[in-house]
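Take a look at the letters that make up each chain.
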Amino acid sequence: MDLGLKDRVALVCGASKGLGKAVALGLALEGAKVAICSRNRESILRAADEIKQATGAEVLGMSADLAKAEDARKFFREALSHFGHIDILINNAGGPPSLPFADISDDQWQSAFELTLMSAVILIREALPIMKARRFGRIINMTSVAVKQPLEGLILSNTLRAGLIGLAKTLSNDYAPNNILINNVCPGYTLTERVTSLSQTVARQKGLSPEEVIKEWEGRVPMGRIGRPEELANLVVFLASERSSYITGTTIQVDGGFYKGLM
């Protein structure tokens, strides 16, 4: 199937590794031009080179701390200046830390708010006028299965990612007449450095080994395993494409059946 992504321009946040990098690679394999960012300049330039070498696509790598509004705006505007337009925005920011509610300070709540919710607000605000003028846009927010089924120990993520879903649903209705489609993708347990780090945190709290924690998580998944980054990326790439032309306002999990609800 031709996804119609050749020469489309995509911005992928948090793409030096893990899910963001897998998405950027998937888009580049389909012929898209890609701008990627992360906080670490060395890591993002290395990722850009790896994606370019693997796909032959044009890839622009930039360092940006999405928790800082000025960095988020700079990333978008420099990518726009380089490519001339933006077709696709993939909002992907590292998740907030795992902490008990009683131990979370006001500053930690504020930092999580700026990273998880405000970074997306800022980038979407930058993108919408460009997409509206071109009468084409795809905005995909990478969130977490926690928006459908809150996860133990992740109260910051459980709270703030739900706000992003409300934002996306509202905007999807407002901008559908402009052929701007806005959707959310919810990874479940997936083999990334964040999941490895979370397993270590939980292991310390429960007196287990990280391997035992991972095994416990696998037991909660009907497919009996942790997902691979490319399995999540496949859905994101489809939603970014021409072929997703009647899909907007949705929140879709990629979790091997972990979520037990009906909707």
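Below, the discussion takes up the packing of helix α4 (residues 106-134) against helix α5 (residues 155-175). The geometry of α4 relative to α5 is characterised by a closest axis approach of 9 Å and an angle of 15 degrees between their N-to-C directions. In terms of axis orientation, α4 runs roughly parallel to α5. Handedness of the α4/α5 crossing: right-handed. Of the residues in α5, those touching α4 at Q108, W109, A112, F113, T116, L117, A120, V121, I124, L128 and K132 are I155, L156, T159, L160, R161, G163, L164, L167, L171 and Y175. Class assignment of the residues belonging to the contact of α4 with α5 gives a composition of 15 nonpolar, four polar and two charged.

Now for unusual backbone geometry. The backbone of D7 sits at a positive phi, close to 70 degrees, despite the residue not being glycine. With respect to the helices, strands and loops of the structure, D7 is situated in the segment before β1 (9-12). D7 sits in the partly exposed class, given a relative accessible area of 42%.

This paragraph deals with helix α6 (residues 193-206). Between its terminal C-alpha atoms α6 stretches 20 Å, which fits the 20 Å expected from 14 residues at 1.5 Å a residue. The inward-facing, buried residues of α6 contact α7 (210-220). Positive phi appears at G207, one or two residues downstream of α6, with a value of about 70 degrees.

Now for empty space enclosed by the protein. Here the structure, examined in full by the defined rule, presents one cavity of 30 Å³ or more. In this model, the largest cavity occupies a volume close to 80 Å³. The wall of the largest cavity is formed by 13 residues, among which N91, N92, A93, T116 and S119 lie closest to the centre. Going through the elements one at a time, α4 and α5 are the ones with two or more residues in the lining of the largest cavity. Tallying contributions element by element places α4 first for the lining of the largest cavity, with five residues.

Rules of the game
Residues numbered from 1 in each chain as written. Predicted model: local features only at pLDDT ≥ 70, side-chain atom pairs only at ≥ 80, totals over all residues. Heavy atoms only, no water. Axes fitted to C-alpha atoms, helices over the stretch in contact; angles between N-to-C directions. Helix = DSSP H or I, 4+ residues; strand = E, 2+ residues; numbered from the N terminus. Parallel < 35°, antiparallel > 145°, perpendicular 65-115°, else oblique. Left-handed = near helix turned anticlockwise from the far one by under 90°. Contact = heavy atoms within 4.5 Å. Nonpolar A, V, L, I, M, F, W, Y, C, P; charged D, E, K, R; others polar. Buried < 20%, exposed > 50% of the residue type's maximum accessible area, 1.4 Å probe, protein only. Expected span 1.5 Å × (residues − 1). 1 Å grid on protein atoms, 1.4 Å probe; cavity = no way out; pocket = protein on both sides within 12 Å on 5 of 7 lines; lining within 4 Å. Points joined across faces, edges and corners; volume = space filled by probe spheres on them.

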